[in-house]
Amino acid sequence: MRYRLAVLATDAREVVTHAGGWLFDRSMAGWDVNAVLTDVTDLLPLQILGASVLELEGPLAVPVHHTWPDALAVAPDLLRSDSRVRDGVLNCLEHDLIEIVLWGPLPAEFESRVDVMSHRLSTAARAFKQRALAATDTETGTVPVIEGFRSNAASLAASRGAAGIPSVR
């Protein structure tokens, strides 16, 4: 059984820029990675990183989900603009349901619920992120070795007696 990661964002560029290396490393570690986007017009950058792409409205339209991801990464603009996403993420954080990973400036209500985390990108992740960034027509310099996030991984592990799922680190 494979771990499942869902990444919610507006478009491929945002995901690749902020979490592309981490996403690639999770994919190469055997995770099933799905990018769930509001704009699905640019699939190639995320396919380069090993992710499948879905349109956001499909999963959000279903009232009950039978299959939950083990980890959920969410772009901050969706937390601000979509109450369904914000309320769902807050519920997951409040009840320690799954690992939540966020990046960028967060709405105030999330600041105290997540800790700073980082992921050291593998050499392959840096190379594939560079290629994915180029596919988004983003000016690419050197891809950083570290991607920074905010996550509930530490509190989730503590609430599960340290038997939680693999974390961002």
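If you're wondering where the values come from, they're calculated on a predicted model, not measured in any experiment. Sequence positions are assigned chain by chain, starting from 1 and proceeding in written order. For this predicted model, a pLDDT threshold of at least 70 governs which residues receive local features, and a threshold of 80 or more governs which side-chain atom pairs are given and counted, while totals over whole chains, interfaces and linings are taken from all residues. Computation of side-chain values covers all heavy atoms of the structure but excludes hydrogens and water.

Draft legend 1. Just the pattern of salt bridges, in detail. By definition here, a salt bridge exists when the distance from a side-chain nitrogen of Lys or Arg to a carboxyl oxygen of Asp or Glu is within 4 Å. For the coordinates displayed, the defined rule picks out 7 salt bridges. In this structure, the salt-bridge partner of Asp82 is Arg84, at a minimum N-O distance of 2.8 Å. Taking the shortest distance from any N to any O, the salt bridge between Arg86 and Asp87 comes out at 3.9 Å. Through salt bridges with shared partners, a single network forms among Glu57, Asp82 and Arg84.

Draft legend 2. Representation of the packing of aromatic side chains in the model. Any Phe, Tyr or Trp ring, taking Trp's six-membered ring, that has another such ring centre within 6.5 Å forms a pair; planes under 30 degrees apart are called stacked, those over 60 apart edge-to-face, and the others tilted. This structure, assessed with the given rule, holds 3 aromatic pairs. Here Arg26 stacks its cationic end above the ring of Trp31, 4.0 Å away from the centre of that ring. For a Lys NZ or an Arg CZ to count as sitting over a ring, it must be within 6 Å of the ring centre and within 35 degrees of the ring normal.

Draft legend 3. Structural detail: the nonpolar core. What we call a nonpolar core is a set of buried Ala, Val, Leu, Ile, Met, Phe, Trp, Tyr and Cys residues that are connected through their side-chain atoms within 4.5 Å. For each residue, the accessible area found with a 1.4 Å probe, counting protein chains only, is set against the maximum for its type, and the residue is called buried under 20%, exposed over 50%, and partly exposed in between. Core analysis: the biggest nonpolar cluster contains 29 residues, and Leu5, Leu23, Leu46 and Trp103 have the highest contact counts within it. Strands here mean DSSP runs of E at least two residues long; helices mean DSSP runs of H or I at least four residues long; both are numbered from the N terminus. Those elements that provide at least two residues to this core are strand E1 (4–9), helix H1 (12–28), strand E2 (32–37), helix H2 (44–48), strand E4 (71–74) and helix H7 (123–135). Counting residues per element, this core draws most heavily on H1, at 7 residues. In this structure, Leu23 is in contact with Val7, Val15, Val33, Leu46, Leu49 and Ala51, ignoring residues within four places of it in sequence. Within the second largest apolar cluster, 19 residues are counted, among which are Val74, Leu90, Cys92 and Ile100. The criterion used for residue contact is that any of the two residues' heavy atoms lie within 4.5 Å.

Draft legend 4. Expanded view of the pairing of E1. In terms of residue burial, E1 counts as a mostly covered element, since 5 of its 6 residues are buried. In terms of strand pairing, E1 meets E2 through 6 bridges, oriented parallel. When the sheet's bridge partners are listed, Leu5 is paired in E2 with Val33. The sheet contact formed by E1 and E4 spans 4 bridges and is parallel. Each residue of the ladder has a partner; that of Leu5, found in E4, is Ala71. Following DSSP output, two strands are said to pair if at least two bridges run between them.

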